[in-house]
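Report on the structure
Each chain, written out:
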Amino acid sequence: MTSPPDLSGTPVLHGRLVTLRPFRAEDAAAMAEILSDPEVRRLTGSVTTTAEAHEREPLDDRLRGWYATRADQTDRVDLAVLDAATGRLVGEVVLNEHDPSARSCNLRCLLGPEGRGRGLGTEALRLLVTHAFGELGLDRLELEVFEFNPRARHVYERLGFRPTGTREAALEFDGAPVAAVDMELTAERWATEGPAPS
């Protein structure tokens, strides 16, 4: 029997459009700006009203401590997404909710305004999925995407994720129920089908 995947040790992954690297304490300021973006706040389900979506994420000791310790975690992988053209931090990709017995993780991604609409998120996810299956030895990745985020769902489907179910009213936003689609990608499907061509 093979040993469970080891998530300790945070990689640096290079693509044509992005570089993924471990977070540093000084990244907290840039992430506070990204996490203050109303679209990020709404589409990630972090808030439940339009008014909350326009509130700012405070740059406080809690946020500084969070990003200062991401590279030290042994049960998750948190990587900063850098725009290769500018070197600027534009978002994050994460493997969390690690289940060693099932050899699975949850995957999530968020990009601020500077990182959207240019293929950076697709490449960042492709790099992380390749790392998850190739280097970490995971068997399955899972995620959720809210129904009001069709752009993200399209990206996930191009990478090979398939729906496994829908949870009605998983979120309430401005008083209206919002469904969430659960999706998964297996290492076997990734190896045999791979992502759709760019």
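This text follows the structure it describes.
Quick summary incoming for the structure in this document. Note that this is a predicted model, so its numbers are computed, not measured. (Residues numbered from 1 in each chain as written. Predicted model: local features only at pLDDT ≥ 70, side-chain atom pairs only at ≥ 80, totals over all residues. Heavy atoms only, no water.)

Some details on the packing of helix α5 (residues 120-134) against helix α6 (residues 150-159)
- It is at 10 Å that the axes of α5 and α6 come closest, and there the two elements cross at 40 degrees. Judged on the interaxial angle alone, α6 and α5 are oblique. In the crossing of α5 with α6, the sense of the turn from one axis to the other is right-handed. From α5, Thr122, Leu125 and Arg126 reach across to α6, where they touch Val155, Tyr156 and Leu159.
- Grouping the amino acids of the contact of α5 with α6 by side-chain chemistry returns 4 nonpolar, 1 polar and 1 charged. (Axes fitted to C-alpha atoms, helices over the stretch in contact; angles between N-to-C directions. Helix = DSSP H or I, 4+ residues; strand = E, 2+ residues; numbered from the N terminus. Parallel < 35°, antiparallel > 145°, perpendicular 65-115°, else oblique. Left-handed = near helix turned anticlockwise from the far one by under 90°. Contact = heavy atoms within 4.5 Å. Nonpolar A, V, L, I, M, F, W, Y, C, P; charged D, E, K, R; others polar.)

Remarks on the sheet that holds strand β8 (residues 176-186)
- Here 8 strands make up an open sheet; going across it, the order is β1-β2-β3-β4-β5-β6-β8-β7 and the pairing mixed. The open sheet has two edge strands with one neighbour each: β1 (13-14) and β7 (162-173).
- Taken together, the 6 bridges between strand β3 (residues 77-83) and strand β4 (residues 89-99) define a ladder with antiparallel strand orientation. Looking at β4, one finds that valine 77 is bridged to leucine 95.
- With respect to the sheet, helix α1 (residues 28-35) is in contact with β4 and β5 (104-111), its orientation differing from that of β4 by roughly 90 degrees. (Pairing = 2+ DSSP bridges.)

Points about unusual backbone geometry
- Here glutamate 97, not a glycine, exhibits a phi torsion of approximately 50 degrees, which is positive.
- Residue placement: glutamate 97 occurs in strand β4.
- For aspartate 174, which is not glycine, the phi dihedral falls at a positive 50 degrees.
- Tracing the backbone through its elements, the reader meets aspartate 174 in the loop between β7 and β8.

Description of the pattern of salt bridges
- Scanning the model with the defined rule gives 19 salt bridges in all.
- For arginine 116, the salt bridge identified is with glutamate 39, shortest N-O distance 3.3 Å. Linking arginine 116 in the loop between β5 and α5 with glutamate 39 in helix α2 (residues 38-43), this pair joins segments that are 77 residues apart in sequence.
- The partly exposed category is assigned to glutamate 39, whose relative accessible area is 27%.
- For arginine 88, the salt bridge is made with glutamate 114, and the minimal N-O distance between the two is 2.8 Å. A residue pair is termed long-range when its members are at least 10 positions apart, and arginine 88 in the loop between β3 and β4 and glutamate 114 in the loop between β5 and α5 qualify at 26 residues.
- With a relative accessible area of 46%, arginine 88 lands in the partly exposed category. (Salt bridge = Lys/Arg side-chain N within 4 Å of Asp/Glu carboxyl O. Buried < 20%, exposed > 50% of the residue type's maximum accessible area, 1.4 Å probe, protein only.)

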